[in-house]
Amino acid sequence: MRFLLDAEQRAFAASLDAMLTSADTPSVVREWSRGKHGSGRALWGRIAEAGVFALAVPEEYDGLGPRPVELAVAFVELGRHAVPGPLVETVTAAVLLTKVERLLPPLASGETMATVAYDSPYALDGDAATIRLALTPDALHLSPGHGPVRPSLDPARRLTPLTPGGELLTPTPPVEQALTWARLTTAAHALGVGLALLDKTVAYVKQRTQFGAPIGSFQAVKHRLADAKIALEFARPLLFGAALTMDAADVAAAKVTACEAAYATARTALQLHGAIGYTAECDLSLWLSKARALRTAWGTPGACRALVVRGGGRRW
């Protein structure tokens with residue numbers, strides 16, 4: 001079976017790509033890493049105006065969804081441009097809040113951004129989020145605040161402990177459904193990160209020379225880039241196939257495949273950039289650190305593989 005985007009979905013991706021290209025996201029990411037959220041919030045508003053968050057909110061609550069395929073399309077572009085903020089967490093919150101109607105329209109419009117702490121005392125970007133959710137298998141609470149910011153693998157992913165207590169929103173949150181959506185969008189985000197790393201590395205090896213020739217002309221370099229390309233392209237149909245079925249095992253397979261492909265591409269990109277790839281001043285670092293962090297976000301590779309084994313998975 002072939003999973004190809006239709007003309008409308010391709011146009012949606014192209015419009016997001018054009019908008020994010022003009023937004024100078026590297027500077028936005030660096031400001032966000034320092035705790036300055038002004039430019040990030042402005043970009044968040046533009047993403048919301050494009051309808052991205054509305055894709056996770058049902059139509060009866062001022063949304064456009066749920067539309068997982070289009071959401072995956074959008075998150076590939078968000079990852080390609082390394083957009084900061086609790087993007088996956090806001091989508092996850094939209095799923096968790098299906099029984100809390102008053103909080104859904106502001107999420108769809110981008111008026112609010114949400115974060116979620118699950119199976120951990122820490123939530124992503126709790127200092128920037130306006131809705132902070134503490135999730136357990138048998139309760140969903142609205143946290144009244146957050147603690148100090150803690151460092152993360154990715155400086156733009158700022159971790160904060162949530163203040164315990166707060167309003168009980170529902171004693172029966174749809175945990176498994178929310179995890180499936182979180183893993184789908186994480187997989188799409190990682191795929192976009194990997195594609196960006198590959199593009200940047202291909203451009204760089206055409207410019208960097210050794211022994212009087214571009215290193216991109218060396219067979220060993222071509223092989224490394226070809227391996228990265230194959231891994232990423234293999235992840236793509238798994239991602240969109242999982243978005244069609246929204247089966248937990250399918251989504252877990254897509255997540256582990258996309259995240260491992262992005263991580264492997266990050267290692268290749270770092271090696272082929274040489275010493276400059278290790279510097280924080282190089283924009284490449286913004287994608288390298290994100291590939292590492294997304295690999296374990298919302299489910300480690302081992303946990304996702306175990307879910308695939310238990311669920312049996314699917315073959316396309």
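All figures in this text were calculated on a predicted structure; none of them were measured in a lab. (Residues numbered from 1 in each chain as written. Predicted model: local features only at pLDDT ≥ 70, side-chain atom pairs only at ≥ 80, totals over all residues. Heavy atoms only, no water.)

(A) Structural context of the overall build of the protein. Of the regular secondary structure elements, the protein holds 11 helices and 8 strands. In terms of overall dimensions, the protein is globule-like: its C-alpha atoms have a radius of gyration of 19 Å, near the 20 Å expected for 316 residues. In terms of overall dimensions, the protein has a C-alpha envelope of 65 × 45 × 35 Å along the principal axes. Here the protein, with 316 residues, has 54% of them falling under the buried criterion. When contacts within the protein are restricted to residue pairs at least 6 apart in sequence, those whose partners lie at least 24 apart make up 71%. Counting only carbon and sulfur atoms, one obtains 55% of the accessible surface of the protein, whose full area is about 13700 Å². Each charge class in the protein can be summarised by its mean position, and for the 32 positive and 29 negative side chains these summaries are 9 Å apart. (Helix = DSSP H or I, 4+ residues; strand = E, 2+ residues; numbered from the N terminus. Rg over C-alpha atoms; globule rule 2.2 N^0.38 Å. Buried < 20%, exposed > 50% of the residue type's maximum accessible area, 1.4 Å probe, protein only. Contact = heavy atoms within 4.5 Å. Areas by Shrake-Rupley, 256 points an atom, 1.4 Å probe, with all protein chains shown as cover. Lys, Arg positive; Asp, Glu negative; His and termini not counted. Charge placed at Lys NZ, Arg CZ, Asp CG, Glu CD.)

(B) Layout of the packing of helix H7 (residues 175-205) against helix H8 (residues 219-245). Interaxial distance between H7 and H8 falls to 10 Å at its minimum, and their mutual angle equals 155°. One element, H7, and the other, H8, form an angle in the roughly antiparallel class. Viewed along their axes, H7 and H8 form a crossing whose handedness is left-handed. Judged by residue contacts, Leu184, Ala187, Ala188, Leu191, Gly194, Leu195, Leu198, Thr201, Val202 and Val205 of H7 engage Val221, Leu225, Ala228, Lys229, Leu232, Glu233, Ala235, Arg236, Leu239, Ala242 and Ala243 from H8. (Axes fitted to C-alpha atoms, helices over the stretch in contact; angles between N-to-C directions. Parallel < 35°, antiparallel > 145°, perpendicular 65-115°, else oblique. Left-handed = near helix turned anticlockwise from the far one by under 90°.)

(C) Broad picture of the side chain of His37. Looking at the secondary structure, you find His37 in the loop between helix H2 (25-33) and helix H3 (38-49). For His37, a relative accessible area of 12% gives the class buried. Not counting chain neighbours up to four residues away, the residues in contact with His37 comprise Trp32, Asp127, Ala128 and Arg158.

(D) Up close: the sheet that holds strand S6 (residues 167-170). The strand order across the open sheet formed by 4 strands is S1-S3-S4-S6, and the pairing between neighbours is mixed. Lying at the two open borders of the sheet, with one neighbouring strand each, are strand S1 (114-118) and S6. With direction set aside, neighbouring strand axes in the sheet form an average angle of 30°. Where S1 meets strand S3 (residues 131-136), 5 bridges bridge the pair, whose relative direction is parallel. The residue of S3 that forms the bridge with Ala114 is Ile131. (Pairing = 2+ DSSP bridges.)

(E) Structural context of the environment of Gly166. Its place among the elements puts Gly166 in the loop between strand S5 (159-161) and S6. Owing to a relative accessible area of 41%, Gly166 belongs among the partly exposed residues under this scheme. Filtering out sequence-adjacent residues up to four positions away, Gly166 remains in contact with His141, Leu142 and Pro144.

(F) Looking closely at unusual backbone geometry. A cis amide bond links Gly65 to the next residue, Pro66, at an omega of 5°. Residue placement: Pro66 occurs in the loop between H3 and helix H4 (68-80). The phi dihedral of Ala82 is positive, around 55°, even though this residue is not glycine. Along the chain, Ala82 falls in the loop between H4 and helix H5 (87-96). Ala82 sits in the buried class, given a relative accessible area of 1%.

(G) Representation of helix H10 (residues 284-296). Of all 13 residues in H10, 10 are buried, a share of seventy percent or more. Within the sequence span of H10, burial applies to Leu284, Ser285, Leu286, Trp287, Leu288, Ser289, Lys290, Ala291, Ala293 and Leu294. Where H10 is buried, its residues contact H2, H4, H7 and helix H9 (248-273). A positive backbone phi angle near 60° is found at Trp298, which sits one or two residues after H10.

(H) The packing of aromatic side chains, seen in detail. All chains considered together, the criterion is met by 1 aromatic pair. Note on Trp44 and Phe53: the rings are 4.5 Å apart at their centroids and 20° apart in plane angle, and the pair reads as stacked. Look at Phe53 and you get buried, because its relative accessible area is 2%. Across from the ring centre of Trp287, 4.2 Å away, lies the NZ or CZ of Lys200, which sits over that ring. One cation-aromatic arrangement involves Arg295 over Tyr263; the distance from NZ or CZ to the ring centre is 4.5 Å. (Phe/Tyr/Trp six-rings, centres within 6.5 Å; stacked < 30°, edge-to-face > 60°. Lys NZ or Arg CZ within 6 Å of the ring centre and 35° of its normal.)

(I) Up close: the environment of Ala82. Considered as a pair, Ala82 and Gly38 are 44 residues apart in the sequence and their alpha carbons are 17 Å apart. When neighbours within four sequence positions are excluded, Ala82 is seen to be in contact with Val29, Trp287 and Lys290.

(J) The nonpolar core, seen in detail. Grouped together as the largest cluster of nonpolar side chains are 81 residues, with contacts concentrated most on Ile47, Val52, Phe75, Leu97, Leu133 and Leu239. The dominant element in this core, judged by the number of residues it contributes, is H7, at 12 residues. Filtering out sequence-adjacent residues up to four positions away, Leu133 remains in contact with Ala93, Leu96, Leu97, Thr115, Val116, Ala117, Leu140, His141, Leu142, Leu162 and Leu169. With 18 residues, the next largest nonpolar core counts Val29, Ala82, Leu284 and Leu286 among its residues. (Core = buried A, V, L, I, M, F, W, Y, C linked by side-chain atoms within 4.5 Å.)

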